[in-house]
Amino acid sequence: MRGKPIGFCRYYTCADSDELWEGFSAMGGSYSIDYLIGETGYLRRGIGRQIVTALTERIRAHGDAERIVAAPDQKNRASCGLLLASVFTFDTDRSIYVKAL
């Protein structure tokens, strides 16, 4: 249904959050993303990938953007897989997903 909310998404600079982001906040140029599809009928339709792609493009438009970091719950295999499919890498030392821009 067009215009029906199915979830949310947002992005922000890591420096503007209360989180340290495993040291990425102090580096500058670090952004983070949050996203959620809350309507089960919209899962596994590629919408999550569209959301991450759109957020990436919006962040890339900021002149200071160097990377995007995300830290989904490791039990959320769908979100972790989505990030890997969206060319994020998993930093095993910091337990965080990172995408260089």
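Just above, that's the structure.
The paragraphs below set out a description of the structure included in this document. (Residues numbered from 1 in each chain as written. Predicted model: local features only at pLDDT ≥ 70, side-chain atom pairs only at ≥ 80, totals over all residues. Heavy atoms only, no water.)

**What about the pattern of salt bridges?**
In step 1: Across all of its chains, the model carries four salt bridges by this definition.
In step 2: For Lys 4, the salt bridge is made with Glu 39, and the minimal N-O distance between the two is 3.8 Å. Of this pair, Lys 4 sits in the segment before β1 (7-13) while Glu 39 sits in the loop between β2 (30-37) and α2 (47-60); the two residues are 35 residues apart in sequence, bridging distant segments of the chain.
In step 3: Taking the shortest distance from any N to any O, the salt bridge between Asp 34 and Arg 10 comes out at 2.8 Å. Here Arg 10 lies in strand β1 and Asp 34 lies in strand β2, a separation of 24 residues in the sequence.
In step 4: When its relative accessible area of 46% is taken as the criterion, Arg 10 is described as partly exposed. (Salt bridge = Lys/Arg side-chain N within 4 Å of Asp/Glu carboxyl O. Helix = DSSP H or I, 4+ residues; strand = E, 2+ residues; numbered from the N terminus. Buried < 20%, exposed > 50% of the residue type's maximum accessible area, 1.4 Å probe, protein only.)

**Considerations on the nonpolar core**
In step 1: Counting residues in each nonpolar core, the largest one holds 18 residues, and the members touching the most others are Ile 33, Ile 37, Ile 47, Ile 59, Leu 83 and Phe 88.
In step 2: Counting residues per element, the ones that place at least two in this core are β2, α2, β3 (67-70) and α3 (77-85).
In step 3: Among the elements that line this core, the one with the most residues is α2, at five residues.
In step 4: Those residues in contact with Phe 88, other than ones at most four positions away along the chain, are Ile 33, Val 52, Ile 68, Leu 83, Tyr 97, Val 98 and Lys 99. (Core = buried A, V, L, I, M, F, W, Y, C linked by side-chain atoms within 4.5 Å. Contact = heavy atoms within 4.5 Å.)

**Brief notes about the packing of aromatic side chains**
In step 1: By the definition in use, this model includes two aromatic pairs.
In step 2: When the ring of Tyr 11 is compared with that of Tyr 31, the centres are 6.3 Å apart and the planes differ by 45 degrees; the resulting orientation is tilted. Placement of Tyr 11 in strand β1 and of Tyr 31 in strand β2 is noted, with a sequence separation of 20 residues between them.
In step 3: Aromatic side chains Phe 90 and Tyr 97 sit 4.7 Å apart centroid to centroid with 50 degrees between the ring planes, which places their arrangement in the tilted category.
In step 4: A cation over an aromatic ring shows up here: Arg 45 above the ring of Tyr 42, its NZ or CZ 5.3 Å from the ring centre.
In step 5: Seen from the ring of Phe 24, Arg 94 lies directly overhead, with NZ or CZ sitting 4.5 Å from the centre. (Phe/Tyr/Trp six-rings, centres within 6.5 Å; stacked < 30°, edge-to-face > 60°. Lys NZ or Arg CZ within 6 Å of the ring centre and 35° of its normal.)

**Thoughts on the sheet that holds β3**
In step 1: Taken in spatial order, the five strands of this open sheet run β1-β2-β3-β5-β4, and their pairing is mixed. Since the sheet does not close on itself, it has two edges, and those belong to β1 and β4 (89-91), each with one partner. Here the strands of the sheet are splayed against their neighbours by 30 degrees on average, with no regard to which way each runs.
In step 2: Pairing geometry for β3 and strand β5 (residues 96-100), over four bridges, is antiparallel. The residue of β5 that forms the bridge with Ala 70 is Tyr 97. (Pairing = 2+ DSSP bridges. Axes fitted to C-alpha atoms, helices over the stretch in contact; angles between N-to-C directions.)

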